[in-house]
Amino acid sequence: MKTIHLIQHTHWDREWYFTENDSKALLYYFMDDLMSNLEQDNNIGPFVLDAQTVVLDDYFQVAPEHKERLEKLIKNQRILIGPWYTQTDFLTVSAESITRNLLLGMSDCEKYGQAMKIGYVPDSFGQTEQLPMLLNQFNIDRAVLWRGWSERLVANTEFQWQSQDGSEITTAVFPWGYGCSKWLPTDPMSFTEAITSNARKQCQFAASEHVMLPNGNDQSPFEFQVVGLLDHANQTQDEFHFVNSSFDGYFDALVTAAPTLNCFKGEMLDPKYMRIHRGIFSTRMDIKLANEKLETLVSRYLEPLLTLNYTNGLTYPQNAVNQIWREAMKSHAHDSIGGCNSDRVNSMVLNRLLSGIETAEQLLELNFRKLTQGIQASVDGTKIVVFNSVPKKRDSLVEVTIYTPSDKFKIVDRQGNELQYQIIDESQQDMSTIIQELSNNTTTTWYRKISMMVSVKDIPACGYTTIYLQEDKPSATNSDTIRSQESVISNQWFTLEYQTNGTLHLIDHRNGAQYPNLFEICDGSDEGDNYNFSPLLNDWVISSKNAEHTVFLETDVLTSTMTLNFTMVLPKNLDERKQHIASTRLPISLRITLRNDRPSIDVDVDLDNCVLDHRLQINFPTGIECSQHVANQPFGLVTRENVPSELDIWQQESWTEAPVANYPMQSMVLHRNALRGLGVVTKGLREYEFHQDTPNSIAITLLRSVGWLGQANLTYRPGRASGMVLPAPDSQIQGRHQFSLSLVPFCSEEEADYWQTVECINTPVISHVGTDWARFRLNPTTLVVPESQSLVEWNNSLHFSTLKKSEHSEQIILRAFNPTLSSCEFGDIQTPYSYQNVQLDERSPVEQTADIPPCRPVTISLATKAL
């Protein structure tokens, strides 16, 4: 006889087709009902509060008077909380975001009682293969999941799951979801019949005599009567033994029973039994781009600069930074960051992210100003701080923007040596919008606004150097940009040749590899919704090849640029596309740059989306006969089939949606063989595809436009609508959009250069010009620092993740990770501070090893504090 462990819970979507304001109002009454019933009957409970502590934050906003009451139930383990702050998506947010989610969630749990040490992930749209590693790093070795599993991946719903670095968790799956036994009847006979039927279905793939049965649903009230009916169910049938339990109780029983569990390695993206909604990776690209900007800004620039200033004696505004993270995480739930919400909710999601960016940028600006004021200059001129957050010394082209009335200037280093620069863009700037004191003037003060690239050498690791702007002094190194309508640009690595059909031909000088027909843009229909891409059955796909276009080149000392301006003539909407009518002109500009400091082809895409119900992709044919590729995932790589083999069977087996090759990535996809390959590194673009008819070509999705939250009977998703059938016209994302990506050819003889280039693209060096022109005034700082400084240098092939103050102490945290599928060396650390290896939880010590397994983060805790 199988023992059925009843788990009572709620799944709490903060927002979806309703807003967070709606859910907070409901939460007031939901929590009062839950607490009242638990207080009145000690025989019921425990109750799982969806494993996300943001519910507590929301509740205390509307009912602070009940804080002690709720804390008592938490401390007594009647209500189970954590370990997450929010129920995050794992495929469209960064590794640092996931880490902070657990870090802040676990910290909250300590304040209120203790965390439920279960990696409970009830509704994420697919599972990253890094979840075992992420949980192990917080001393969690058990997980409960839904979506993405099928017996095609692993035969049973209970198994051991391993990440590539060897981390392992005991995993149990709800094959029919967290709501499979919701809203049970309260009549004893009907109850027994219903719960027995639900249990029978839940046991279909079980490997053990112990099986979970979740009782709860979306924002569903506590079914407090259920526990009192279990005895009746046990007495009136002999198929199952029902017990009131918890996740811990279930796993303890599972371990005691000691069944033989299969071992699984990999990610879970199968939509056989429940939809994965792969279209979310490209829904509402404005939200995706804002999220990436915020994550990068905070983890790779703001926190490292704050840490540097902290070690120099300034305060570290930890609560302010954590508040940015908490607000961002409210936008990281599967519906929220997926964009599969009502228009009103999507506007709130985007606004939270934009508000976070504003706060982070202001904190960054203020801390740069404090640092710059404290630098003891040895050279005349305006100080420009060049900041490198990566723990490796670097040479780099650095983007600098200045405002000057002068018609000539030069840039020098701290020894007075002139630096080479190249003007990228110039315009006129009304200085009253920058200098507060000028805003009341009756006349306008116009300056030159100049964006330029400056070549800077020996930029310290996790630190900065100072260069100087000297106005009214002519430059001996700057040269005029040569503009032409030629067809070729090149540097020491590549030649890029324009083809008359509007595509580009790339030659890699290192190995002679050639890549024709690059940068073709394809536009096709999308009659789907915010959840799923869905083309017309007989789609009319329109290519930029032979579209009306112009091309011109700019060649200078540091970069060469080719600009392609297309006008694609497209159907205005689905009706026109079905009739093969193209009435709308959609302008697209590609600015393609070769730099002299790294082997990449950098691309800025600018377009004005004026078309409805369509998808735009940019294509990079690799010419490589290899059926697999790799893409980056949180703290590492994942290997995938170009075209999923299950596409051949999904319709015969009646899967819930097509397992199409719309794949997620953090920022990179690489298709290679033993000798060569092409990688694409993006900023905020999270979706790529290998089409069935072109399986050797990488297609990067720029955007897709749809007008519905949910729809029924889609080409790739038959049957019922997902979500709600609600109009969502804002998801057509009309208007101007800008995207950035880099093409990075792979040369096997210089593999280390490839990964170094990827890191440089993901975390470029930045600058700050130290004028007094600012929105807010500051008193002079007492800080005194040198012109150049390095906090820590760590020479290895690991990729930088963050530098921050510890959550729990005065120590500072440096984190990097192995981005490859092979082990790499720990390397040498140069720092004046003592340090130890710790887990992602920033507390648990880890033995330092010479080799770092693939796809593993390495966190270093440095024993320092402000002077």
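What counts and what doesn't
- Residues numbered from 1 in each chain as written.
- Predicted model: local features only at pLDDT ≥ 70, side-chain atom pairs only at ≥ 80, totals over all residues.
- Heavy atoms only, no water.
- Helix = DSSP H or I, 4+ residues; strand = E, 2+ residues; numbered from the N terminus.
- Buried < 20%, exposed > 50% of the residue type's maximum accessible area, 1.4 Å probe, protein only.
- Areas by Shrake-Rupley, 256 points an atom, 1.4 Å probe, with all protein chains shown as cover.
- Lys, Arg positive; Asp, Glu negative; His and termini not counted.
- Charge placed at Lys NZ, Arg CZ, Asp CG, Glu CD.
- Salt bridge = Lys/Arg side-chain N within 4 Å of Asp/Glu carboxyl O.
- 1 Å grid on protein atoms, 1.4 Å probe; cavity = no way out; pocket = protein on both sides within 12 Å on 5 of 7 lines; lining within 4 Å.
- Points joined across faces, edges and corners; volume = space filled by probe spheres on them.
- Nonpolar A, V, L, I, M, F, W, Y, C, P; charged D, E, K, R; others polar.
- UniProt positions renumbered as here; feature names shortened; annotations may be inferred.
- Pairing = 2+ DSSP bridges.
- Axes fitted to C-alpha atoms, helices over the stretch in contact; angles between N-to-C directions.
- Patch = residues over 30% accessible without salt bridge, like charges linked within 9 Å, V, L, I, M, F, W, Y side chains within 5 Å.
- Core = buried A, V, L, I, M, F, W, Y, C linked by side-chain atoms within 4.5 Å.
- Phe/Tyr/Trp six-rings, centres within 6.5 Å; stacked < 30°, edge-to-face > 60°.
- Lys NZ or Arg CZ within 6 Å of the ring centre and 35° of its normal.

Under an unreviewed UniProt entry, the chain has the name Glycoside hydrolase family 38 C-terminal domain-containing protein and belongs to Vibrio barjaei.

S.K.: Looking at this structure, how should I read the overall build of the chain?
M.R.: When helices and strands are tallied, the chain shows 14 helices and 46 strands. The C-alpha extent of the chain, read off along each of the three principal axes, is 95 × 70 × 60 Å. The buried share among the 867 residues of the chain stands at 63%. Carbon together with sulfur atoms contributes 46% to the accessible area of the chain, which is approximately 31600 Å² in total. Here the chain contributes 70 positive and 107 negative side-chain charges, whose respective centroids are spaced 3 Å apart.

S.K.: Could you clarify how one ought to interpret the pattern of salt bridges in this entry?
M.R.: Proximity of charged atoms lets side chains of opposite charge pair with each other. If you walk through the whole model with that rule in mind, you get 46 salt bridges. The salt bridge involving Glu96 is made with Arg100; its shortest N-O contact spans 2.8 Å. Of this pair, Glu96 and Arg100 both sit in helix α4 (residues 95–112), 4 residues apart, roughly one helical turn. Judged by its relative accessible area of 3%, Glu96 is buried. A salt bridge links Arg510 to Asp508; the nearest nitrogen and oxygen atoms lie 2.9 Å apart.

S.K.: When you look at the layout of surface pockets in this model, what are you seeing that I'm missing?
M.R.: Summary: where empty space remains is shown by rolling a probe the size of a single water molecule over the atoms. Space inside the second largest pocket adds up to approximately 700 Å³. Around the second largest pocket sit 27 residues that line it, and Arg615, Glu689, His691, Gln692 and Asp693 are the ones nearest its centre. Contributing elements (two or more residues each) for the lining of the second largest pocket: β22 (520–525), β28 (614–621), β34 (687–691) and β35 (694–705). Ranked by residue count, the leading element in the lining of the second largest pocket is β22, at 5 residues. Within the lining of the second largest pocket, the residues separate by chemical class into 12 nonpolar, 9 polar and 6 charged.

S.K.: I would appreciate a short explanation of the UniProt feature "domain: Glycoside hydrolase family 38 central" (unreviewed entry) in the chain in the present structure.
M.R.: Per the UniProt record, "domain: Glycoside hydrolase family 38 central" (unreviewed entry) is found at residues 275–353. As a span, residues 275–353 carries 70% helix and 0% strand, and end to end its C-alpha atoms are 27 Å apart.

S.K.: Please clarify how the sheet that holds strand β21 (residues 514–518) should be interpreted in this entry.
M.R.: Two pairing modes exist for strands in a sheet, parallel and antiparallel, and in both the strands are linked by backbone hydrogen bonds. Strands sit in the order β18-β19-β20-β21 across an open sheet of 4 strands; the sheet is antiparallel. Each edge of the open sheet carries a strand with a single partner, namely β18 (488–490) and β21. Between one strand and the next, the sheet's axes are offset by a mean angle of 15 degrees, whatever the strand orientation. Looking at chain direction, β18 and strand β19 (residues 494–498) are connected through 3 bridges and run antiparallel. When the sheet's bridge partners are listed, Ile489 is paired in β19 with Leu496.

S.K.: How should the pairing of strand β1 (residues 2–9) be read in this particular structure?
M.R.: In regular strands, side chains alternate between the two faces of the sheet. With respect to burial, β1 is a largely interior element, 8 of its 8 residues being buried. Where β1 meets strand β9 (residues 240–244), 5 bridges bridge the pair, whose relative direction is parallel. Looking at β9, one finds that Thr3 is bridged to His241. Across 2 bridges, the pairing between β1 and strand β2 (residues 47–48) is parallel. In the sheet register, His9 faces β2, and the bridge partner there is Val48.

S.K.: Which parts of the structure should I look at to understand the sheet that holds strand β14 (residues 421–430)?
M.R.: Read from one edge to the other, the open sheet built from 3 strands follows the order β12-β15-β14, with strand pairing classed as antiparallel. Looking at the sheet topology across the chains shown, the edges are occupied by β12 (394–404) and β14. The sheet shows a mean angle of 25 degrees between the axes of neighbouring strands, taken without regard to direction.

S.K.: Which parts of the structure should I look at to understand a nonpolar patch on the surface?
M.R.: Taken together, the side chains of Tyr17, Met724 and Leu726 make up a nonpolar region of the molecular surface, amounting to roughly 230 Å² of accessible area. Mapped onto the fold, Tyr17 is located in the loop between β1 and α1 (20–40). Look at Tyr17 and you get partly exposed, because its relative accessible area is 35%.

S.K.: Mind showing me how you'd approach the nonpolar core here?
M.R.: Across soluble globular proteins, nonpolar side chains have a tendency to be buried as a group. Core analysis: the biggest nonpolar cluster contains 130 residues, and Leu49, Ile79, Tyr120 and Phe247 have the highest contact counts within it. Ranked by residues supplied to this core, first place goes to helix α9 (residues 285–311) with 11 residues. One finds Ile542, Phe566, Val605 and Leu616 within the second-largest nonpolar core, a separate group that totals 55 residues.

S.K.: How should empty space enclosed by the protein be read in this particular structure?
M.R.: In this structure the tally under the stated criterion is 8 cavities of 30 Å³ or more. Its boundaries defined by the atoms lining it, the largest cavity holds a volume of some 420 Å³. For the lining of the largest cavity, the secondary-structure elements that each account for two or more residues are α4, α9, β29 (628–633), β30 (636–641), α14 (751–762) and β40 (799–805). For the lining of the largest cavity, a count of residues per class yields 10 nonpolar, 14 polar and 7 charged. Put simply, the second largest cavity is a space of about 100 Å³. Taken together, 14 residues line the second largest cavity, and the ones lying closest to its centre are Trp12, Asp13, Arg14, Gln52 and Ala333. Residue contributions to the lining of the second largest cavity peak at 3 residues, all from helix α11 (residues 334–338). Its residues assigned to classes, the lining of the second largest cavity shows 3 nonpolar, 6 polar and 5 charged.

S.K.: Which parts of the structure should I look at to understand the packing of aromatic side chains?
M.R.: The geometry of an aromatic ring pair is captured by two quantities: the separation of the ring centres and the angle between the planes. Across all of its chains, the model carries 36 aromatic pairs by this definition. On the numbers, 5.1 Å between centres and 75 degrees between planes, the contact of Tyr28 with Tyr29 is edge-to-face. For Tyr28, a relative accessible area of 28% translates into the label partly exposed. An angle of 70 degrees between the planes, with centres 5.5 Å apart, marks the rings of Phe746 and Tyr754 as edge-to-face. On the basis of relative accessible area, Phe746 is assigned to the buried category, the value being 0%. One Lys or Arg, Lys67, reaches over the ring of Phe60 and ends 5.6 Å from the middle of that ring. The aromatic ring of Trp176 is capped on one face by Lys201, whose charged end is 4.6 Å from the ring centroid.

S.K.: Mind showing me how you'd approach the environment of Ile521 here?
M.R.: By the secondary structure assignment, Ile521 is in strand β22. Residue classification places Ile521 among the buried positions, given a relative accessible area of 0%. Spatially, the C-alpha atom of Ile521 lies 8.4 Å from that of Ile542, the residues being 21 residues apart in sequence.

S.K.: I tried to follow unusual backbone geometry on my own but got confused; where do I start?
M.R.: Both trends apply: most residues other than glycine have a negative phi, and most peptide bonds are in trans. Residue Pro46 follows Gly45 across a cis peptide bond; omega there is 5 degrees. Following the sequence through the fold, Pro46 ends up in the loop between α1 and β2. Residues Gly82 and Pro83 are joined by a peptide bond in cis, for which omega reads 15 degrees. Backbone geometry places Asp613, a non-glycine residue, at a positive phi of 55 degrees. Summarising the element assignment, Asp613 is placed in the loop between β27 (601–609) and β28.

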